[in-house]
Each structure stands twice: as structure tokens, then as C-alpha cells.
Amino acid sequence: MLGPSAHEDTFARDNLPRPDQWPDMLLERPEYDYPEYLNAAVELTDRMVEAGFGDHDALIGNGRRRTYKELADWTNRLAHALVEDYGVRPGNRVLIRSGNNPAMVAAWLAATKAGAVVVNTMPMLRAGELSKIVDKAQVSLALCDSRMADELVACAKDSRYLNKVVSFDGTSNHDAELDRIALGKPVRFDAVATGRDDVALLGFTSGTTGQPKATMHFHRDLMIIADGYAKSVLGVTPDDVFIGSPPLAFTFGLGGLAVFPLRFGATATLLEDASPVNMVEIIETYKATICFTAPTAYRIMMAAMDQGADLSSLRIAVSAGETLPAPVFEQWTKKTGVPILDGIGATEMLHIFISNTLDEAQPGATGRPIAGYEAKVVDDKMREVGAGEIGKLAVRGPTGCRYLADERQKRYVRDGWNLTGDTFRVDADGIFHFVARTDDMIISSGYNIAGPEVEHALLRHEAVAECAVVGVPDEERGEIVKAFVVLKPDVEASDALAKVLQEHVKATIAPYKYPRAVAWIGALPKTATGKLQRFKLKQGEK
């Protein structure tokens, strides 16, 4: 049963899936027992000031530090403006468009304090893509970094829903419409007493094709990912300083670079251009302790260490976007002495639900379910398979998939379990091992071959910087394994090198898995979160 709601605009609750389509929600643990009325933004700002963190740095970005007191005051002023000048009512959807900067975090927190349902979006989206999101969520108000308003304004011109685009200053100068209005507002704001089961966030999946899916997350869900993963796995303390590359527009970035640090009085450093070089500079300057980024970035950061970069302040590296190749795990831990944790999460689940831990991290393993989650590997009929057997990952816990008015809910949730679209195996010790995305399995002459396994083998060769493996059509075998390889600098591509790499794979894993075709490529196609877009490579082979 859902708890009470403060939403005057009931769109979000009205469009939740039917109760019989929900996954089982496991909320019995005491750390996930929240009061009926809960506003996540208040918990991350005003409550932290009350707890004594007012003078502690909360956000660092665009050349400026913000304490928790400054952040609380800033977001309260903004919330006043949203309610009094722009008519935001509890339950209204508010879209935010910005890069990773403190102003975006402040806009998100302010809209959440006002009781809105926030839709964070990527700055690279164009008007047509934004229109699909606006229509799906029926967004009437958008807040946008003034430096990137054009596409959103273009979207509003033809939208039946979006009737107001308000700019804020992402550079910290407070020189935009929303900032100027907010500066004259009080620093105290009576935040909307939202219910813990009120929708706080619509996370649109970073899917590659088709209509966008919006995942619906409650105020309590935002607390759960911090009180679960961030506390039990990362052990976050007020002394921690976070750095990372995932966009705040995605739930992974919002958790890792906003919710996690703010929940525990820690500090978040935010970069609009989170290149590995820029992250190294931030780590050195602010002595960052927890880093979230992709395996490729960790490779570049290790190269920077050879040039004198000092990463000694880091105590945890979290690998995001793609599964962590065993060679990167081994190289990083040997070179830095810092644990690197792989984990798997999903927009549908809000954040990570299976992870390695500091006490139990091993190369090539994803880990165990985190506190409050259960997972198993099943066959097509939802029957659990034996140790070592490959099947589909099924998971359930205190968060779960709730699509906004979407028939695909019935495919993602079966028998109370979330089916994430990943292929896994569990070893005899109960450790989960990623095999491939379900649609990345290659079937060649009747053999099931996991692309990531072949990639990990290739990465063990000294000539390979990056690689991606896909299945391409073949008359004789149905599919063959094809490798797209990015070579290290000063390594020359040749037919002879292709044969060397093929023999290397045969000697590393079962010979039938070797890539029968090798192509050289300058850079791999990736999403903004660092996920490899294998579908783009497949499209070029059709």
C-alpha cells in the first residue's frame, strides 16, 4: 500500500504501474524505515545544517566552494521563486537541462523541496529528443543553464505541454532570470511535506532506440541508495571528497555525485568536462577520496601516474558504465594499491544493487547483492540455474522498476523480480559474474560466446588500448565474432598483428571464441556515461 501523498497534481501517482505489475519490494530492514512524510531535498540540505555540517563544504565547482549552509539557503531561495513566481505545485513535473555543476544540483534540490517531480536531462539532447521526454512526462516548466537554452526553447515552440523555459546561471555568477529572482527571496522555505512514496524523480533510460522509458523513483528511494550502497559498501564519511564523470542527468551520476556525498556531510566536486585529465587535476587539487568513472578513464589515469600524477588521496575507485575488465582491475590495484570496485546498477533500480566490497573484491567478478537486495540467475521460465550455469539476472530489493505508463513494465518485471537484461553466472561461493548484456551474446555454430569475455582476453595483449566485440552475420556459422580494436599509440595496424591477436585470444580462452574478423578503429562509440554502444558497430555490419 502506498503511503499518503502531498501531490496536488496527481499525474505521477496516476501513471504508476498496476500493483500486480510491481516487483516485490523488500523494505523490512531498519535502515530503510523512513517516516511517512519525507522530502529528500530537505534531508540532504537543511537536515545536514541542523546536524552541524553548516560550515562544511558541500559542493565544489566552476571555481567556487559552497558550504552546506550556503547550499541550504540557495536552494530555499530558488524554491521560493519556483513556487511564488512560476507557480510550481506539488506533483508538477519540472525538467532540468544542464551539465555537471553546482547550479544544476541546486535547481534539482529546489524543485524537489517545492514538491515537484524532477526530470533531469542531458545537455547533448536535441529538440526532437527533448520533445519525446516532455510529452511522456507532460512537462510544463523547464529550468535550463543559460548557456544551452536554444534546443529547449526550440522544443517549447512546438510543444503542447512545455510553455515556460527559465534560465539559470551554471557559471556561479547568478546572472540569469531564475538567479536574479531568487536573490530577493528569504533563505528559509517551508518545504512541501511530501510522502515517502511520492514520486520525486523521473529517470529516463539511456536506451538506444525506440520510445523513451521513464522510471519512477520515490523520495525514500533516494535515501535508500545512500543508506544502502553508499553506507554499506563505500563507507562514506564527512571526510570524503567525491569526483566522477557520470552525468547528473542519469541516476548513476545523481547518486554518486550528489545524493551520496550530501547524505553524509561529504563534499562533491563537479566537472562539466570530466575528462580523465581534468579529473586527475581535481583529485590532486582537492584530495578526492572516491572516484566514479569508466574503465577506459582509469587506464588513462594510470598513464598520467607515469607522468607524475599524484592520486594517493583516493581510497576507493568505483568502475561505472561498462563491466570492469579483469586486466584493468589487476593493473589498477597493482599500480595504486587502491581498491577498484565493480558493480551493476540500472536506471530502473535507481543505482547499484550488486557490488564488490573492500573486503571481497576480485578481478572479473561483479560481487554480491548489497544490503537488502536479493539476486538469482534464472532460465527463460524463471527457474534458478545451478552454480556456474549462465542465465538471466533477476533481482529484487527496496528499489525496483516502476515505468511511467509503459507496457514494457510487464517484460521487465516477472513473478516479482526485476529482469535487468543482463546475462550472469554465480560461482560456488555465491559471487555473481557478469557475462554479457542479454542482447550481446553471440551465437556462432551453436556456441554461446559472450562478447565481453573476448574483449577481456584482447585487453591482455600489450598492443590493445580498447576493443569491442560483436556478432556479425555469417552464412556458414550464423554469426562470427568480430573485434573492433583501438591500438595503443605507436602500434601499427597490420594483417600480421590481427593474426597475432587472434592467436593470443585462442591461447587465453577457449579457442572457438576467438575473433574470426578483426577491424581497426580510431575510437569506440560510447554513451555519455561511458557505456560501449555495440549496437552502432553492429549496424555498420548489416
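A short tour of the structure in this document, coming up. (Residues numbered from 1 in each chain as written. Predicted model: local features only at pLDDT ≥ 70, side-chain atom pairs only at ≥ 80, totals over all residues. Heavy atoms only, no water.)

### Digging into helix H12 (residues 295–306)
For step 1, the next point in the chain: With 12 residues, H12 ought to run about 16 Å at 1.5 Å a step, and its terminal C-alpha atoms sit 17 Å apart, in line with that.
For step 2, the next point in the chain: Of the positions making up H12, those classed as buried are Pro295, Ala297, Tyr298, Arg299, Met301 and Met302.
For step 3, the next point in the chain: Positive phi shows up at Gly308, right after H12, with a value of about 105°. (Helix = DSSP H or I, 4+ residues; strand = E, 2+ residues; numbered from the N terminus. Expected span 1.5 Å × (residues − 1). Buried < 20%, exposed > 50% of the residue type's maximum accessible area, 1.4 Å probe, protein only.)

### Comments concerning the pairing of strand S24 (residues 464–474)
For a regular strand, side chains alternate in direction, first toward one face of the sheet and then toward the other.
For step 1, the next point in the chain: Burial within S24 is extensive, with 9 of its 11 residues counted as buried.
For step 2, the next point in the chain: Bridge analysis of S24 against strand S25 (residues 478–487) gives 10 bridges, and the strand direction is antiparallel. Looking across to S25, one finds that Asp474 is bridged to Gly478.
For step 3, the next point in the chain: Hairpin connection, S24 to S25: the antiparallel pair is bridged by 3 residues. (Pairing = 2+ DSSP bridges.)

### Focus on the packing of helix H3 (residues 46–53) against helix H4 (residues 68–84)
Between two packed helices, the angle of one axis relative to the other and the distance separating the axes together describe the packing.
For step 1, the next point in the chain: Look at H3 against H4: their axes get within 9 Å of each other, and the N-to-C directions meet at 155°. Regarding the angle of H3 to H4, the classification is roughly antiparallel. Here the hand of the crossing between H3 and H4 comes out left-handed. Of H4, the residues touching H3 (which contributes Asp46, Met48, Val49 and Phe53) are Tyr68, Lys69, Ala72 and Asn76.
For step 2, the next point in the chain: Each residue belonging to the contact of H3 with H4 can be placed in one class, and the counts come to 5 nonpolar, 1 polar and 2 charged. (Axes fitted to C-alpha atoms, helices over the stretch in contact; angles between N-to-C directions. Parallel < 35°, antiparallel > 145°, perpendicular 65-115°, else oblique. Left-handed = near helix turned anticlockwise from the far one by under 90°. Contact = heavy atoms within 4.5 Å. Nonpolar A, V, L, I, M, F, W, Y, C, P; charged D, E, K, R; others polar.)

### Focus: the packing of aromatic side chains
For step 1, the next point in the chain: For the coordinates displayed, the defined rule picks out 10 aromatic pairs.
For step 2, the next point in the chain: Note on Phe53 and Tyr68: the rings are 6.3 Å apart at their centroids and 50° apart in plane angle, and the pair reads as tilted. Taken as a pair, Phe53 in helix H3 and Tyr68 in helix H4 lie far apart in primary sequence, 15 residues in all.
For step 3, the next point in the chain: Note on Tyr68: relative accessible area 0%, which makes it buried.
For step 4, the next point in the chain: With centroids separated by 5.6 Å and ring planes inclined at 70°, the aromatic side chains of Phe252 and Phe292 adopt a geometry described as edge-to-face. Of this pair, Phe252 sits in helix H10 (residues 251–263) while Phe292 is found in strand S11 (residues 290–293), placing the two residues 40 residues apart along the sequence.
For step 5, the next point in the chain: Ring-pair connections join several aromatic residues into one group, and the members of that group are Tyr229, Phe242, Phe252, Phe260 and Phe292.
For step 6, the next point in the chain: Looking at Arg66, its charged tip hangs above the ring of Trp74, at a distance of 4.0 Å from the centre. (Phe/Tyr/Trp six-rings, centres within 6.5 Å; stacked < 30°, edge-to-face > 60°. Lys NZ or Arg CZ within 6 Å of the ring centre and 35° of its normal.)

### With respect to the packing of helix H6 (residues 127–137) against helix H7 (residues 150–157)
For step 1, the next point in the chain: Two elements in contact, H6 and H7, have axes whose closest approach is 8 Å; the angle formed by their N-to-C orientations is 60°. Regarding the angle of H6 to H7, the classification is oblique. The two elements H6 and H7 meet at a crossing, and its hand is right-handed. Contacts between H6 and H7 involve Ala127, Leu130, Ser131 and Val134 from the first element and Glu151, Leu152, Ala154 and Cys155 from the second.
For step 2, the next point in the chain: Grouping the amino acids of the contact of H6 with H7 by side-chain chemistry returns 6 nonpolar, 1 polar and 1 charged.

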